[in-house]
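So you can see what is in the structure, the chains are spelled out below.
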Amino acid sequence: MKQKITIKTIAKELGVSTSTVSKALKDSHEISIETKEKIQAYANHYNYKPNHLALQLRNQKTKVIGVILPKIVHHFFSTVIMGIEDGANKKGYNIMVCFSNESYKKEVETLKVLSNGSVDGIIISIASETLENREFDHLKELVSEEIPLVLFDRVVDEILCDKVVVDDVGAGYKATKHLLENGRNRIALITTPKHVNVGTLRRQGYEKALIEAYIKTDKNLIIEIDENKDIKNQIEKVFKEDIDGVFAVNEIYAANSMRIAKEKGLHIPNDISIIGFTDGLISEYSSPSITTIAQHGFTMGKQAVELLIERIENESAIYKPKKIVISSDLKLRESTKTSS
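Here goes a summary of the coordinates provided.

Rules used in this analysis
- Residues numbered from 1 in each chain as written.
- Predicted model: local features only at pLDDT ≥ 70, side-chain atom pairs only at ≥ 80, totals over all residues.
- Heavy atoms only, no water.
- Helix = DSSP H or I, 4+ residues; strand = E, 2+ residues; numbered from the N terminus.
- Buried < 20%, exposed > 50% of the residue type's maximum accessible area, 1.4 Å probe, protein only.
- Contact = heavy atoms within 4.5 Å.
- Areas by Shrake-Rupley, 256 points an atom, 1.4 Å probe, with all protein chains shown as cover.
- Lys, Arg positive; Asp, Glu negative; His and termini not counted.
- Charge placed at Lys NZ, Arg CZ, Asp CG, Glu CD.
- Salt bridge = Lys/Arg side-chain N within 4 Å of Asp/Glu carboxyl O.
- Phe/Tyr/Trp six-rings, centres within 6.5 Å; stacked < 30°, edge-to-face > 60°.
- Core = buried A, V, L, I, M, F, W, Y, C linked by side-chain atoms within 4.5 Å.

**Let's talk about the overall build of the protein**
Part 1 of the argument: A tally of helices and strands in the protein yields 14 helices and 12 strands.
Part 2 of the argument: Counting every position in the protein, which comprises 340 residues, the buried fraction comes to 50%.
Part 3 of the argument: Across the protein, contacts joining residues at least 24 apart in sequence account for 72% of those joining residues at least 6 apart.
Part 4 of the argument: Put simply, the protein shows about 16800 Å² of open surface, and 49% of that area lies on carbon and sulfur atoms.
Part 5 of the argument: Taking the 47 positively charged and 47 negatively charged side chains of the protein as two groups, their mean positions are separated by 2 Å.

What follows is the structure, given as structure tokens:
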């Protein structure tokens, strides 16, 4: 008895993409005759059968949109959910929210369940572990099967779908420039590991602002946080350096930085200025309140769901992936306002 195979199996065995296999099995003119014949012969030999139940379910609209988030602890993601729900409800759709908990395996399993006919389309911010592994086949498979997909915040160029992002480079630049204008020149950066692209882009903005101010980037002032370990202990290391400013790429890192500064007897903002990212309740109600970069998560969520619904409801239209870039604003508060 021959093994049961999938599009992914065929692609792996023949060294082609899942998209190529899908198009070859549909006899698409985009694929060369030689490649088509090879793929079709392999599929016939192993008695490949498409999942007709999934296809049938997919063709029946559920009016439900699947959303997969890495986590819920950040204020940003909760505002994105509100934006998605607001935009979806206005168009007669409901949303189903799931969490990958930054796990590649959980992300793959969740996508498998949602793409089997449970929802009409999917909005996702990619898990940290997926970005670290550079494993995107599960997302490419969705695209090849023509399941509507929108990536937001954490996106990758390899996936040909609609995307909604913040101008992270511009945001990192604005934050650092503000600290420099406040007379700070030993600015620490508290960021994510390099594989989390939003942190990397914000770092580019940070370095751009320093270059313009003729300040050399000091690697001793940059901490990449491993969230599987104690965050506060990691941030404390940079306070052993002579610093007078902190740019943290999220408000949790900013709040930890403020706590450490206070424990060391530093006055905020006279001795040290602190800027965070994401304008949440932590930033607003900290004492002193924290200057932040506002990401406009609600707007991002609305834009993402509008792109997805447009794709769901216009299946016959020629599909050209869109990328929407949302600008960010600096919200000034007490943590950078010196009394001098």
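**Let's talk about the pattern of salt bridges**
It is possible for side chains bearing opposite charge to pair when their charged atoms get close.
Part 1 of the argument: Overall, the coordinates contain 19 salt bridges when judged by the stated rule.
Part 2 of the argument: With a closest N to O distance of 3.4 Å, Asp86 and Lys302 form a salt bridge. A residue pair is termed long-range when its members are at least 10 positions apart, and Asp86 in helix α5 (residues 75-90) and Lys302 in helix α14 (residues 297-313) qualify at 216 residues.
Part 3 of the argument: Accessibility expressed as a relative area gives 25% for Asp86, which makes it partly exposed.
Part 4 of the argument: Among the ionic pairs, Arg134 bridges to Glu158, the shortest N-O distance being 2.4 Å. Note that Arg134 is positioned in the loop between α7 (128-133) and α8 (137-144) and Glu158 in the loop between β4 (149-152) and β5 (162-166), a separation of 24 residues in sequence.
Part 5 of the argument: Beyond isolated ion pairs, a larger network of salt bridges with shared partners links Lys71, Glu102, Arg154 and Glu227.

**Concerning the packing of aromatic side chains**
Part 1 of the argument: In this structure the tally under the stated criterion is four aromatic pairs.
Part 2 of the argument: Ring geometry for Phe247 against Phe277: centres 6.4 Å apart, planes inclined by 40 degrees, an arrangement best described as tilted. Residue Phe247 is found in strand β8 (residues 245-248), and its partner Phe277 is found in strand β9 (residues 273-277); the two are separated by 30 residues along the sequence.
Part 3 of the argument: Members of the aromatic cluster, joined through ring pairs, are Phe76, Phe77 and Phe152.

**Considering the nonpolar core**
Part 1 of the argument: Core analysis: the largest hydrophobic core is formed by 37 residues, its most contacted members being Ile190, Phe239 and Phe247.
Part 2 of the argument: Every element with two or more residues in this core is listed here: α9 (168-181), β6 (187-191), α10 (197-212), β7 (222-224), α11 (231-238), β8, α12 (251-263) and β9.
Part 3 of the argument: Sequence-distant contacts of Phe247, defined by excluding residues within four places in its chain, comprise Gly172, Ala175, Thr176, Leu179, Ile187, Ala188, Leu189, Ile190, Arg202, Tyr206, Ile275 and Phe277.

**Here's the deal with unusual backbone geometry**
Part 1 of the argument: Here the amide bond leading from Ile268 into Pro269 is cis, since omega sits at 10 degrees, within 30 degrees of zero.
Part 2 of the argument: Tracing the backbone through its elements, the reader meets Pro269 in the loop between α12 and β9.
Part 3 of the argument: Here the bond from Ser287 into Pro288 is cis, since omega is -5 degrees, no more than 30 degrees from zero.
Part 4 of the argument: Secondary-structure assignment places Pro288 in the loop between α13 (281-285) and β10 (291-294).
Part 5 of the argument: Backbone geometry places Lys63, a non-glycine residue, at a positive phi of 60 degrees.
Part 6 of the argument: Mapped onto the fold, Lys63 is located in the loop between α4 (52-59) and β1 (64-69).
Part 7 of the argument: You can call Lys63 partly exposed: its relative accessible area is 33%.
Part 8 of the argument: A positive phi is found at Thr278, a non-glycine position, where the angle reads about 90 degrees.
Part 9 of the argument: Looking at the secondary structure, you find Thr278 in the loop between β9 and α13.
Part 10 of the argument: Taking relative accessible area as the criterion, Thr278 reaches 7% and is therefore assigned buried.

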